[in-house]
Each structure stands twice: as C-alpha cells, then as structure tokens.
Amino acid sequence: MEKQILKVLQKKEGESLKFNSILKRMRIDRRLQGELRNQLNELVRQKKVIRSGKWYYVKTGDKKEPGSIAPGKVLTVTGRFEKNKYFGYVIPDSRIIKNDIYISKKNYLNAKEGDKVVCELINYDPEENNKEPEGRIIEVLGKAGNVDTEIVSISRKYNLERNFPVDVVEEAMREVENFNDETVRLELSDFSSGRKDIRERICFTIDPADAKDFDDAVSIEKTGEGGYILGVHIADVSYFVKENSKLDNEALRRGTSVYLLNSVIPMLPEELSNDICSLKPNQDRMTFSIDIELNKNFKVKDYKIFKSIIASKRRFTYEEVQNIVDAKKGDFKKELTLMDKVAKQLYKKRMKEGSIDFESREVKFDYDADGRITGIKVKERLDSMRMIEEFMLLANKCVTEFVTGLAKKQKQDFPFIYRIHEEPDVEKLNNLSEFVSQFGYRLHVDDKDSIKALLDSIKDKPEEYLINDLLIRSMAKAIYDEKNIGHYGLGFMDYTHFTSPIRRYPDLIVHRILKDYLSFASDRNFVHKKIKYYKKILPDVCKTSSAMEQNAVQAEREIIKLKQIEYLSNHLGDEFLGIISGMVHYGMFVEIIEMAIEGLVRFRDIEGDYYEYSEKKHAAIGARRGKTFRIGQKVVVKILNTDTETKKIDFLLV
C-alpha cells in the first residue's frame, strides 16, 4: 500500500490531496480506509509524506508548498476582500474558482474590506470542485473599482509580468553588446552560415504609428517576364535567442507579447525586441527572408527561403503609405504603388480560392498629454493594412508548403508547427442561420460559399458588424498544432506563423525548424536527430503557445472594456446612437456604433410599457402597446451608470 500511496501523490508534481481524494485515486475498497489512514500516518512519521491540516503531499525538488497546482492549474486568483466579525473571504474574479474563498484572520495581510487582493489557494482540489476553498492573501492591490487597481488586478489575474528575471536581462544585454559591425562582417564572410547580403535592396517596414518594434520588412521587383518578386524579410530573432537558453525558456513561458492599449508586456526584453531584433531604418539587421516569384497572373511560380542581412530604407506608418498610394507621390512611390496593385490581386485570388474575410472591428483610444483618454473610435481598415496582411499570409503559406513538400519528396515525416482552424460547429451555424433569417438573409450551414455570400450581402448594412461578430463567434478558434488539418477561414491547406518572431514564440521556433530543414541536403544525419527532437517537444510547445495566446486575448479584451468604462464614466447622461446587439429575458444589449462599446438597457427601465423578450420572434414586445424592439434596430441611448469593478455599463433608452 505504501508504494500505491506514494505513486498517487507523486503523479502530479507538487499537488496536495485530501484523504478522500487519495482513497478515490487508489481505487481501493472503502472498508480499507482505516488501513490507508494508518499507512499515511506512518509515512508522515517517516517524513516520506508531509501533512498540512487535512492535506497530504510529497516534497519535490522544487519544494512546492501544499496547495500548489500542476502546470495549467490555478494557484492564485484576484478578487475583492470582504470580512465579518469572525473571518474574511475573497469574492474571486476567476471563472474556474466560483465559490467565495475563506480567509482566516492570520492570513489577511492587512487587507481592508473592499480591497482588491491576490489570494493564494492553500487547499485546491479539482476532484472536490472547490466547494470549500481556503486561501491566504499574498498581495493587496488597492481599492476595488479604482481604474489603476483594476489594471494591476487584470495583469495578476492573467499572470502577466512586465519585468524579466535578472539573469534573462543579463543574457539579453550580452547579445546586444556582442552585436556590432564586426559581427555582421564575420557572419557574411562565413560561407557555412549561408547568409546573403541584401543590404542594397530597397525594402522598408510598414507598421502602426505607435509600434515600438518592427519585425517585418517588404520589397518588390518586376521580372522580365511581366511577373514580380515579392520579398518578405523577417527579423532573425533565433540568431540571438539560442535554443534552451534562459531567454528562450522565458519566451516560451510567456508565449506572446500582450498589448494593453498604450503599453506592452513583451515576450522578449526590450533590449532585443526594440533594438537589435527590430528592423530599424538604415541599420544592419539579421533577417530570415523569403523571395516569392509571382507570374503575371499573380500565381506563385517559385520561392526561395534564406538567411539574410538587410538595411531597411524607411520606417513607414500605415497612414503614410495610404497617403502616398492615394496621392501617387512621396517616398518610394513606385514600389508602394506596385505593392498596392499586387496585394489587391492577391486578395482577389485568395477570395476566389475559399478565404473568408471577416470584418472584425478594433477600437482606438486617443489620449491627451497626461495620458487621459479623450476619445474612442473604431479603427479604419486601410488598404495599406490589407497590403501587409496579404504579404504576410502569402509568406506564411509558402514556408509551410516548403515543409510539407519536403516531407512528400523525402517520404518521411518532418515535424512542424501549423496554424490550424477547424470547420465551424454545425449547431452554432444553425443558430446563426435562424438568427439572420429575421433580416431576410439565408445561410446554408454546410456550404462555405453561403457564408461568403452572407458577408457580401450585409456590406454597409446597419446589422453588418453584428452579424460579422456572431459569425466569428460561430467559428472554432485558430490554434497551433503539430498535426496539419488546414485552415478553414483562410482556405489554406498549409499555413503557419513565420512573420512575427519578436512577439510570438511559435514564429521563433518555426524559424529554427526551417533553418534545420533547409540544411537537410548538406547534413542529413544532423537533421534526422533534430526531427526526433522536434517530434518530442512540439506537442507541448503548440499546447502552451495556444493557451498563452488565448490568455493574452482575454487580458487585452478586459483592459479595453475597463478603459471604455473609464471614458464613459465621464459622460454620464450623454446620448449616443447605438444598435441593439443582443437580448436576454431582463433586457437588451446595445452597442454604441461610433465606439463599439456595449451596455445593457434593462426592460424595467423602459418607461411607458412592460416588455418581455420573445425568443421565438427574437424581439422584445410591449405588453400594452405592442411596441417592438429587434436585434439590429438602431436606438438612441443615454449613459446611466458605469462600474469599473464589475465592468458593466447601464444605458437608458431616449
């Protein structure tokens, strides 16, 4: 029985269990529970097992405390602290821990009632569904509801760390100090490096105006046959971030940079991301390039993937490029005009071949000199943005086709990271089909062309963004996977992420893999060893990267919602034009059109009648006068109330 007990406690490193959980996992008859308890007590006496209250655990090399949780499990939560005469409790923000967390007086950490705190769970047991969670407060963040406090709370909730460990920063600084003109000269003179000098080529970066790092540059040339050579040049982050280094391990742990409006929590220290890895104008930079040859019909004829060194000729913003293309004058007018033409043809071709173009809306915040929000508006999707998007999509597709083509040619498996997107859930599409029918649209759930036709039909209609958003929600989430099933939304069979290694870990490791596979012809034995290695690590890399990406998306959404609420709290009583975006039995959600902010109009607050929601008719109908409100209908609303803690907004109909 001793071996069984130790096996159960060691199965998930660092996890502590109650007696009943151990009994369940050992799958022994309950009549033997007395013997089990005696054996546990003996193991505690021998110090092979440690007991803390009702909890048993085995000490590991990491010396984790009881209640620590295996990777992927919740260990700490944020929440609001409340107390009574005898004890305190934390009302958690977490969706996983739903019950209030008991806090004994000795574990208050001087928290006051109404404070936002970070709480460490000391008795987490997934099998008991957290019915009686207990915790200790490890950090007091400030008063709940205060905007600055709530921003810090969101960062803690999603485990976002702005600062890097000292040894990681030191490693980054060594890379910065070692990179100079002599480094470039030696790299180019080393024939075995295979790096090409293309510093004379006209290439430039095109990014948002507030971008701090530039990880992709583009170039274009005409061929003698009426075609084009499109160059996509990506920062060679893998040159500086060595495999299994402290930098690499930290980047994998973070998974992605997180963009919190006007600030960023980077994946890599800024010494790298904003300096030697960033493709700054007129600076020699290590890059990984793909030259894509297009024929005169804009079909890919050939491509070459190679390590390179570039010197970007200009740092453009999207707005600058759009102005030059529209006015037909300005820096690099010839190249930009040609790029605009090629991108539009690539887009048309992609749409014909099965891509779906979702028009999701992003908001932009305007700030004054003191950092206060002065306005919120929906970002305009410029042609210059679409241009870079098309070029990056094509580069990502081509590098993936290189790997799948190599596997077919060599008749063996070459492990890789794919960006996959499953087909949508039929039930969700059926619900959407029923919903759009009230607007007079038809959607055949088993026909992808029907989805594209629907998107075309709603262009410039009041309900366009509403249906767009619902359609996006009906889709599966794109994730990273070592198994290639294709990308439904893009209509690509082969797709990965290659173009943003400064801010996405999968792109960084894709660079490493590509470099190894490009050397296949010259050193097959080496590559065979790497194939075995990649087969081992990629499943976990994909799983971690997908999880961290979703973590970042959720954090970014919460911050945006919080700042929207902060802005509207200064506009109580102001009126805005909105569109009814959803309904529940107690009210209807309305989105302010110009700012894409959603709030709730409660039926009880609508004067002159009593309204009930009819699910069958997708409408709220007045009991006495029969007035009807429908989803997609435009209304004028007044800001009634905002709550930064609950992140809710209440409207009144005008």
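This is a predicted model, so every value here is computed, not measured.

Peer 1: What am I meant to see in the layout of surface pockets here?
Peer 2: Rolling a probe over the atoms, with the probe sized like a water molecule, indicates the empty space that remains. A volume near 350 Å³ is recorded for the second largest pocket. Lining the second largest pocket are 16 residues, with Lys-307, Arg-512, Lys-515, Asp-516 and Ser-519 positioned closest to its centre. If you list the elements that add at least two residues to the lining of the second largest pocket, you get strand S16 (300–311), helix H15 (505–518) and helix H16 (524–568). For the lining of the second largest pocket, the element with the most residues is H15, which contributes four residues.

Peer 1: Which parts of the structure should I look at to understand empty space enclosed by the protein?
Peer 2: Within this structure, the stated rule accounts for one cavity of 30 Å³ or more. Lining the largest cavity are Lys-212, Asp-213, Ser-257, Tyr-259, Val-264, Pro-266, Glu-270, Ser-273 and Asn-274. Among the elements that make up the lining of the largest cavity, the one with the highest residue count is helix H8 (residues 270–276) (three residues). In terms of residue class, the lining of the largest cavity is built from three nonpolar, three polar and three charged.

Peer 1: It is not clear to me how the pattern of salt bridges should be interpreted in this structure. Could you clarify?
Peer 2: Side-chain pairing between opposite charges can occur once the charged atoms of the two side chains come close. If you walk through the whole model with that rule in mind, you get 54 salt bridges. Linking Glu-221 and Arg-201 is a salt bridge whose minimum nitrogen-to-oxygen distance equals 3.8 Å. Of this pair, Glu-221 sits in strand S11 (residues 216–222) while Arg-201 is found in the loop between strand S9 (196–197) and strand S10 (205–207), placing the two residues 20 residues apart along the sequence. Taking the relative accessible area as the measure of exposure, Glu-221 reaches 36% and is therefore partly exposed. Judged by relative accessible area, Arg-201 falls into the buried class, the value being 16%. We note a salt bridge from Asp-236 to Lys-515, for which the minimum N-O separation is 2.7 Å. Separated by 279 residues along the polypeptide, Asp-236 in the loop between strand S12 (228–235) and helix H7 (246–254) and Lys-515 in helix H15 bring together distant segments of the chain. The pair formed by Asp-236 and Lys-515 is uniform in burial state, with each residue classed as buried.

Peer 1: Help me understand the sheet that holds strand S29 (residues 648–653), please; the structure alone is not making it clear to me.
Peer 2: The strands that make up a sheet are held in pairs by hydrogen bonds between backbone atoms, and each pair lies either parallel or antiparallel. Pairing is mixed in the closed barrel, where five strands are placed in the order S22-S23-S24-S29-S28. Averaged over all neighbouring strand pairs, the angle between strand axes comes to 50°, with direction disregarded. Here strand S22 (residues 575–584) runs beside strand S28 (residues 634–643); their pairing, made up of five bridges, is antiparallel. Looking at S28, one finds that Ile-579 is bridged to Lys-634.

Peer 1: What should I look at first to understand a positive patch on the surface in this one?
Peer 2: Together, Lys-83, Lys-85, Lys-105 and Lys-112 make up a region of like positive charge exposed at the surface. Topologically, Lys-112 is positioned in the loop between strand S6 (101–103) and strand S7 (115–121). Taking the relative accessible area as the measure of exposure, Lys-112 reaches 56% and is therefore exposed.

Peer 1: Whenever I open this one, the sheet that holds strand S5 (residues 88–92) confuses me. Can you help?
Peer 2: With respect to topology, five strands assemble into an open sheet ordered S6-S5-S4-S7-S8, the strand pairing being antiparallel. Single-partner strands in this sheet number two, and they are S6 and strand S8 (135–143). Across the sheet, the axes of successive neighbouring strands diverge by a mean angle of 40°, strand direction being ignored. The strands that helix H4 (residues 147–157) touches are strand S4 (76–83), S7 and S8; relative to S8, the one it contacts most, it runs at about 145°.

Each value, and the rule that gives it
- Residues numbered from 1 in each chain as written.
- Predicted model: local features only at pLDDT ≥ 70, side-chain atom pairs only at ≥ 80, totals over all residues.
- Heavy atoms only, no water.
- 1 Å grid on protein atoms, 1.4 Å probe; cavity = no way out; pocket = protein on both sides within 12 Å on 5 of 7 lines; lining within 4 Å.
- Points joined across faces, edges and corners; volume = space filled by probe spheres on them.
- Helix = DSSP H or I, 4+ residues; strand = E, 2+ residues; numbered from the N terminus.
- Nonpolar A, V, L, I, M, F, W, Y, C, P; charged D, E, K, R; others polar.
- Salt bridge = Lys/Arg side-chain N within 4 Å of Asp/Glu carboxyl O.
- Buried < 20%, exposed > 50% of the residue type's maximum accessible area, 1.4 Å probe, protein only.
- Pairing = 2+ DSSP bridges.
- Axes fitted to C-alpha atoms, helices over the stretch in contact; angles between N-to-C directions.
- Patch = residues over 30% accessible without salt bridge, like charges linked within 9 Å, V, L, I, M, F, W, Y side chains within 5 Å.
- Areas by Shrake-Rupley, 256 points an atom, 1.4 Å probe, with all protein chains shown as cover.
- Lys, Arg positive; Asp, Glu negative; His and termini not counted.
- Charge placed at Lys NZ, Arg CZ, Asp CG, Glu CD.
- Contact = heavy atoms within 4.5 Å.

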